Amino acid sequence: MANDLHATRATNLHKLFIQSMLSRRAGREHVVLELYKRAISACQAYEDDFRPTHRPDLAGLNAFMIEVTELLHDVGMEVVRGQEQTGKGKGWIVLRNIDPSEVALQATDYSSNEVDFYRKVIEGIILSYPAYSISHGQATGLVSELKTQMTRSNAESLLDSLCSRGWLSKSKRGRYTLGVRGAVELEPYLKQEYEGDIHNCRHCKRLLLAGCACSQAGCSAHFHSYCYDSLVKLPRASCPECNVRFSDFVPKPVGEKAAPRAEDEFSRLKKRKRSSVNARGKGKGMANGDDEDEDEEEDELEEEEGADPMAENADESGSGHRSGFVARSAGPSGWRVDPTSSLRSVVPETQFDENREEEEEEEEEEEEEEKEEPPTNRRKSARR
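Nothing here was measured: the structure is a model prediction, and the numbers come from that model.

Points about the sheet that holds strand S1 (residues 26-28)
Backbone-to-backbone hydrogen bonds pair the strands of a sheet. The strands run either parallel or antiparallel.
Move 1: Read across the sheet, 3 strands follow the order S1-S3-S2 without closing on themselves; strand pairing throughout is antiparallel. Only two strands of the sheet have a single partner each, and these edge strands are S1 and strand S2 (77-83). Direction aside, the axes of adjacent strands within the sheet are offset by 20° on average.
Move 2: As judged from the 7 bridges shared by S2 and strand S3 (residues 91-97), these two strands associate in the antiparallel manner. Bridging across to S3, Val79 finds its partner in Leu95.
Move 3: Sheet strands in contact with helix H2 (residues 12-24) are S1, S2 and S3, and its direction is about 90° off that of S3.
Move 4: Contacts from helix H3 (residues 29-46) reach S1, S2 and S3 within the one sheet, and its direction differs from that of S1 by about 105°.

Listed below in structure tokens is the structure:
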């Protein structure tokens, strides 16, 4: 029986896929599926008689991931699925550490001071409930709580690095929350460290950092936005916890939408006022060094919000099924990956900021839906 538990033998395909995941650590499903297909193609180019045991689609990838996880358990890692907390909950695949030992926690290229800063950011995000997010100024201001000195400029560079690696996510409003990788990999830590401050979705039982909460007094039910959307499609859309109808008690937002926009607009208003004064040649001697630093920070923030990083890497091939990357042929498996495919790469340098236009379109659609709600619903929401 012991041998049956470790029946999976590492092949070149397993090795290539694991190396690809080690270099990225997390990716959207269609990106990881593309990595899987290209690993198959590379093995077929190297071995003419190579026949993978699983098909090059999401179902085959799911089965293959079980084998990969079995191989990785011995080194304290696993490949798991995750979902974006906002929008439609798009699927991600994450290679995460499951070894809680002190030795494993040291496996990072961040310094102890940088790790301490990230912990402060996590604490600020979790304790900001129901917003579960902090502004750019709040994040950089955490340097004052560190035991070892860190400048705001260094903090901004670190925040950019944490976002590019998926530990954090920055919205177009300039607010930080946990990224997909951070939420998936740190879920056990968050449940242990902030047991009374985090919530699980009542529908899917997973960690919730954005969505909505039942507005009935005394009810603690929380839902991801995509889980809530599935619940309201039921004949009698009601809270599974307290059974009140959602039409009578409109759920409260959780996540960035719960943070008043006045916080963001206030900082921009101050910046515009200072710019207007300086343009008229007044008050030049009134601004101190800190004000100049704040101006520079806000200028950089607005430039970042106006930028459209990785837009050219938007998903052109969808899930990869229409790409022509897989060609059918005779053989035991009934298919073969075509190594001559002219498919443009959908694997960007960092995929954590890809499809920004698509995300913004989804947010605009949500705002339009809110505007189209009947006046009675808006009055109910305002009263509660």
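A word on the environment of Cys43
Move 1: Among the secondary structure elements, Cys43 is positioned in helix H3.
Move 2: Residue class for Cys43 comes out buried when judged on its relative accessible area of 3%.
Move 3: It is 8.6 Å that separates the C-alpha atoms of Cys43 and Leu16, two residues lying 27 residues apart in sequence.
Move 4: Aside from chain neighbours lying at most four places away, what touches Cys43 is Asn12, Leu13, Leu16 and Phe50.

Some remarks on the confidence of the model for the protein
Move 1: On average, residues of the protein score 75 in pLDDT, and 64% of them reach the 70 mark or higher.
Move 2: Per-element confidence in the protein ranges from a low mean pLDDT of 42 for strand S12 (residues 326-327) to a high of 96 for strand S10 (residues 222-223).
Move 3: Per-residue pLDDT stays below 50 along residues 294-335; that stretch engages in 97 contacts with residues further than four places along the chain or on separate chains.

Examining the packing of aromatic side chains
Move 1: What the rule picks out here adds up to 8 aromatic pairs.
Move 2: Where Phe17 meets Tyr36, the ring centres are 6.4 Å apart and the plane angle is 90°; that geometry is what we call edge-to-face. With Phe17 in helix H2 and Tyr36 in helix H3, the pair connects residues that are 19 residues apart, well separated along the chain. Across the pair, exposure class does not vary: Phe17 and Tyr36 are buried alike.
Move 3: An aromatic cluster is present here, built from Phe17, Tyr36 and Phe64 joined pairwise through their rings.

Observations concerning the packing of helix H6 (residues 112-126) against helix H8 (residues 152-164)
Move 1: The geometry of H6 relative to H8 is characterised by a closest axis approach of 11 Å and an angle of 75° between their N-to-C directions. By the angle between their directions, the pair H6 and H8 is classed as roughly perpendicular. On H8, the residues that touch Glu114, Phe117, Tyr118 and Val121 of H6 are Ala155, Leu158, Leu159 and Leu162.
Move 2: Counted by class, the contact of H6 with H8 contains 7 nonpolar, no polar and 1 charged residues.

Definitions and limits used
Residues numbered from 1 in each chain as written. Predicted model: local features only at pLDDT ≥ 70, side-chain atom pairs only at ≥ 80, totals over all residues. Heavy atoms only, no water. Pairing = 2+ DSSP bridges. Helix = DSSP H or I, 4+ residues; strand = E, 2+ residues; numbered from the N terminus. Axes fitted to C-alpha atoms, helices over the stretch in contact; angles between N-to-C directions. Contact = heavy atoms within 4.5 Å. Buried < 20%, exposed > 50% of the residue type's maximum accessible area, 1.4 Å probe, protein only. pLDDT = per-residue confidence, 0-100. Phe/Tyr/Trp six-rings, centres within 6.5 Å; stacked < 30°, edge-to-face > 60°. Parallel < 35°, antiparallel > 145°, perpendicular 65-115°, else oblique. Nonpolar A, V, L, I, M, F, W, Y, C, P; charged D, E, K, R; others polar.

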